[in-house]
Amino acid sequence: MTDLIHMLRDWMPKQRWYSGGEGQTPQLTHLGSYVLANPNGEAGVHLVTVPCILDSSGDVPVVYQVPIVLREVDARVPALGYIGSISNAAGRVSAVVDGPHDIAFARALLALLEREGHAAGAGGRRDIAAYGLPMPGAVLGSFVTSRVLSGEQSNSSIICEMRMPDGSAAAPLILKVFRMLHDGENPEVTLQSALAAAGSVRVPPAIGHLSGYWPDPRVSSGRASGNFVFAQEFLPGVEDAWRVALRAAETGDDFGDAAYTLGEATAEVHRTLREVLPSVEASAPKVQAEVDAMRQRLDAAIAVAPALERLRGAAEEVYAHAAEMHWPTLQRVHGDLHLGQVLAVEGSGWVFLDFEGEPLRSIEQRNTADAPQRDIAGILRSFDYVAGSLEMTTGRDVAGDWAARARQSFLNGYAAAVSGEERIGRHTGAITLDGRAAHRQARDSHDASDARGARGGAGSFSQGDQSSPLPLSAAESAALIRVFELDKALYEVIYEASQRPAWLRIPVRAVQRILA
């Protein structure tokens, strides 16, 4: 294992899923490995195993899942996944292959999942194990071959081609291998499984997941438990909403109908999550904790974009109002919703993916009930990014009005779905965020919150009222969306400053617009 650790120390920093900074040298410790069976007894495969590796080189220790396949050094070694070669005590040389790139690993994962199997620790260790948990009624088919989905950053996804017993093609599967391990349920597994179990067509059918436990010095008990892999059907040949929207903006095509139905679909996802998973009331401490986190994000954004300092006072006014206003019942939400997380599927409409939440938020935060307005704000910011990206390439504003219309259509669709109204362009309950109407709605939200407090209603935290909260008015929802849109734009400022400095002006302008 010492030789493997040295090899991984050089290899891991080159991988997109490695979270360490540029030039950072990993300090790796092997915590333990679980071993997968070679189900077909494939010749040349010496071992299929999944080490859990602690990297303590950064300010916050990270545990990585690093699946590897040891196989004979021959022409069957995948070039893309080749890490190096090692020798065992008997002198046998094995090629070390990154698991997701080797079909032996994909086949072993599916076999464990299908039979609800148990993968024990290497050497008989009992402090690490994995087990397969298929969804009831899930049909996998027979494995044909696999490949790694390119372009992913924080995880590794394996696309598996499958075949039915009669030889016909079965639905392909995608196995998402979580590279960073956390103690606790991954929201990707929890939320998508809950939606699929409820019969929602807004997510791909779930197949199941691999979960387990491992030694972890970050946990007080010394042992963590969580999810290793999530499996669901793969939807080939489809585009995400970002590409569809960007093409429409480039050509000037109207996106109103598409944005409206996306609003309806988002509301449908929120409604299903609210029905099948627990919700909590937005108590004063919960609201204050969220507002405090927003203030911290403001400080971090100003640190990397000092030009925003002059807007600190305006932002603080928004946060002060947010701490006093009426919040909805908190529920599970997507958590990192943008146009790239939604697929346009013919015959099914909009289908949502990647429910892991914002990568910069802790697993505890991502597993906490939240306001649906966070997801709404995420889509609004994404439309703004469509216009911003086109301005970056053309040097002029060519889609600002297009984005404003798309944003409003999305809000109308969401509001209509929530209120149960028939499809309309603008209705009395519509949420408006732009222009003088937005300022009027913000003022009205102050008045509505004051009225709730005066009568000791659900919006008043000081009265200890235990009755069901009243739904948000259009004005209150608009004001809260503004709060979350500001927070999302500040999050983007921090991200762009470190990853894409040339794009920094897009979220900076958004902050200026929101606080104007």
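In case you missed it, the structure is sitting above this.
## Some points on the overall build of the chain
Phase 1: Across its full length, the chain carries 13 helices and 17 strands.
Phase 2: Rg of the C-alpha trace for the chain: 25 Å, near the compact-globule value of 24 Å for 516 residues, within the 12% margin.
Phase 3: Structurally, the chain occupies a C-alpha span of about 80 × 55 × 50 Å along its principal axes.
Phase 4: In the chain, once contacts between residues fewer than 6 apart in sequence are set aside, the share between residues at least 24 apart is 68%.
Phase 5: Averaged over its 47 positive side-chain charges, the chain has a centre that lies 2 Å from the centre of its 62 negative ones.

## Overview of the sheet that holds strand 16 (residues 342-345)
Phase 1: One open sheet accounts for three strands, arranged 15-16-17; its pairing is antiparallel. Sheet topology places strand 15 (239-240) and strand 17 (349-352) at the edges, where each strand pairs with a single neighbour.
Phase 2: Bridge count for strand 15 against strand 16 is two bridges, and the pairing is antiparallel. Across the sheet, glutamate 239 pairs through a bridge with alanine 344, a residue of strand 16.

## Points about empty space enclosed by the protein
Phase 1: Per the counting criterion, the structure on display carries four cavities of 30 Å³ or more.
Phase 2: By residue class, the composition of the lining of the largest cavity is one nonpolar, five polar and six charged.
Phase 3: There is about 60 Å³ of room inside the second largest cavity.
Phase 4: Forming the walls of the second largest cavity are Gly335, Asp336, Leu337, Glu358, Arg374, Asp375, Gly378, Phe484, Asp487 and Lys488.
Phase 5: Elements represented by at least two residues in the lining of the second largest cavity include exactly helix 9 (373-394) and helix 12 (474-499).
Phase 6: Of the residues assigned to the lining of the second largest cavity, the class counts are two nonpolar, two polar and six charged.

## A look at the packing of helix 12 against helix 13 (residues 505-514)
Phase 1: At their nearest, the axes of helix 12 and helix 13 sit 8 Å apart, and the two run at 155 degrees to each other. As summarised for this structure, helix 12 and helix 13 are arranged roughly antiparallel, according to the angle between their axes. Viewed along their axes, helix 12 and helix 13 form a crossing whose handedness is left-handed. Here Arg482, Glu485, Leu486, Ala489, Leu490, Glu492, Val493 and Glu496 of helix 12 come into contact with helix 13, specifically with Pro507, Val508, Ala510, Val511, Arg513 and Ile514.

## Topic: the sheet that holds strand 13 (residues 206-215)
Phase 1: With respect to topology, seven strands assemble into an open sheet ordered 7-8-13-14-11-10-9, the strand pairing being antiparallel. Unpaired on one side and paired on the other, strand 7 (118-119) and strand 9 (142-148) mark the two borders of the sheet.
Phase 2: Here strand 9 runs beside strand 10 (residues 155-163); their pairing, made up of six bridges, is antiparallel. Paired with arginine 147 across the strands is isoleucine 159, a residue of strand 10.
Phase 3: Sheet contacts for helix 2 (residues 103-114): strand 7, strand 8 (129-134), strand 9, strand 10, strand 11 (169-178), strand 13 and strand 14 (223-233); angle to strand 9, the most-contacted strand, approximately 130 degrees.
Phase 4: Sheet strands touched by helix 3 (residues 187-197): strand 11, strand 13 and strand 14. Its angle to strand 14, the strand with the most contacts, is close to 45 degrees.

## Structural notes on unusual backbone geometry
Excluding glycine, residues mostly have negative phi values, and the peptide bonds linking residues are mostly trans.
Phase 1: Phi at glutamate 116 takes a positive value of approximately 55 degrees, unusual for a residue other than glycine.
Phase 2: Secondary-structure assignment places glutamate 116 in the loop between helix 2 and strand 7.
Phase 3: For glutamate 116, a relative accessible area of 56% puts it in the exposed group.
Phase 4: Backbone geometry places aspartate 354, a non-glycine residue, at a positive phi of 55 degrees.

What counts as what
- Residues numbered from 1 in each chain as written.
- Predicted model: local features only at pLDDT ≥ 70, side-chain atom pairs only at ≥ 80, totals over all residues.
- Heavy atoms only, no water.
- Helix = DSSP H or I, 4+ residues; strand = E, 2+ residues; numbered from the N terminus.
- Rg over C-alpha atoms; globule rule 2.2 N^0.38 Å.
- Contact = heavy atoms within 4.5 Å.
- Lys, Arg positive; Asp, Glu negative; His and termini not counted.
- Charge placed at Lys NZ, Arg CZ, Asp CG, Glu CD.
- Pairing = 2+ DSSP bridges.
- 1 Å grid on protein atoms, 1.4 Å probe; cavity = no way out; pocket = protein on both sides within 12 Å on 5 of 7 lines; lining within 4 Å.
- Points joined across faces, edges and corners; volume = space filled by probe spheres on them.
- Nonpolar A, V, L, I, M, F, W, Y, C, P; charged D, E, K, R; others polar.
- Axes fitted to C-alpha atoms, helices over the stretch in contact; angles between N-to-C directions.
- Parallel < 35°, antiparallel > 145°, perpendicular 65-115°, else oblique.
- Left-handed = near helix turned anticlockwise from the far one by under 90°.
- Buried < 20%, exposed > 50% of the residue type's maximum accessible area, 1.4 Å probe, protein only.

Note that every value here comes from positions in space, so none of it alone points to a role or purpose.
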